[in-house]
Amino acid sequence: MAASDREIVSTRVLPWPRERVFRAWTDPHHLARWWGPKGFTNTFQEFDLRPGGRWQFVMHGPNGADYPNQSVFVEIVKPERIVFDHVSPPAFQVTATFAEEAGKTRLTFRMLFGTAAECDKVKRIGRGRERGELRPPRGGAGQHGVNPLTIWAQLSRRSP
């Protein structure tokens with residue numbers, strides 16, 4: 001089975017330098033302010049940015065529902081790559097890469113699932129709903145649209 005059958009990939013070019021974008025992903029204070037689809041807020045219980053470190057948080061939907069998430073960091077390569085395993089159902093691995101492009105950043109967000117069937121299930125959820133955009137952090141410039149996070153939030157709603 002090819003990895004492409006088991007993954008969802010989104011790429012965006014952001015107007016900020018790579019170090020700034022990487023910092024927005026690795027500073028929990030900043031990350032909590034923009035992570036997730038439009039209208040969501042976050043409460044981080046734990047953010048231990050190192051291989052083996054845990055990331056535990058709750059996404060609060062605009063409908064008032066809470067979506068708990070747990071992940072474990074696998075690899076951190078400053079300022080190039082972050083890899084973590086989302087261990088809450090459904091399980092998948094996220095690889096975020098940050099490539100510099102003339103003072104801007106090409107962000108690639110890859111969700112890799114264990115099976116093609118699980119990936120297809122997630123893709124169907126994403127196709128069936130309006131996709132949101134990541135919101136800029138309050139009080140400053142932020143990142144724009146990595147739609148797999150919208151899918152992630154939708155999946156959290158369906159988790160037991």
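Small disclaimer: the values here were computed from a predicted structure and weren't measured.

Asker: What am I meant to see in the overall build of the protein chain here?
Answerer: Counting its regular elements, the protein chain contains four helices and seven strands. Secondary structure elements of the protein chain occur, N-terminal to C-terminal, as β-α-α-β-β-β-β-β-β-α-α. Here the protein chain holds 160 residues, and the buried ones make up 45% of them. Relative to all contacts within the protein chain whose residues are 6 or more apart in sequence, the contacts with residues 24 or more apart total 51%. Summed over all atoms, the accessible surface of the protein chain reaches about 7700 Å², with 50% contributed by carbon and sulfur.

Asker: Please clarify how the nonpolar core should be interpreted in this entry.
Answerer: Grouped burial of nonpolar side chains is what soluble globular proteins tend to show. Formed by 31 residues in total, the largest nonpolar core has its most connected members in W25, W35, W55 and F98. When residues no more than four places from it in sequence are discounted, the contact partners of F98 are R18, V21, F22, W25, P79, E80, R81, I82, T105, R106 and L107.

Asker: I keep staring at the pairing of strand β4 (residues 66-77) and nothing clicks. Help me out?
Answerer: Every other side chain in a regular strand lies on the same face of the sheet, so the side chains alternate between the two faces. With seven bridges joining them, strand β3 (residues 54-60) and β4 adopt antiparallel strand pairing. When the sheet's bridge partners are listed, H60 is paired in β4 with D66. Counted between consecutive antiparallel strands, the loop separating β3 from β4 contains five residues, among which G64 sits at a positive phi close to 90 degrees. For β4 and strand β5 (residues 81-86), the ladder comprises six bridges, and the chain directions are antiparallel. For E75, the partnering residue across the bridge sits in β5 and is V83.

About the thresholds
- Residues numbered from 1 in each chain as written.
- Predicted model: local features only at pLDDT ≥ 70, side-chain atom pairs only at ≥ 80, totals over all residues.
- Heavy atoms only, no water.
- Helix = DSSP H or I, 4+ residues; strand = E, 2+ residues; numbered from the N terminus.
- Buried < 20%, exposed > 50% of the residue type's maximum accessible area, 1.4 Å probe, protein only.
- Contact = heavy atoms within 4.5 Å.
- Areas by Shrake-Rupley, 256 points an atom, 1.4 Å probe, with all protein chains shown as cover.
- Core = buried A, V, L, I, M, F, W, Y, C linked by side-chain atoms within 4.5 Å.
- Pairing = 2+ DSSP bridges.

Interpretation in functional terms is not warranted from these geometric data alone.
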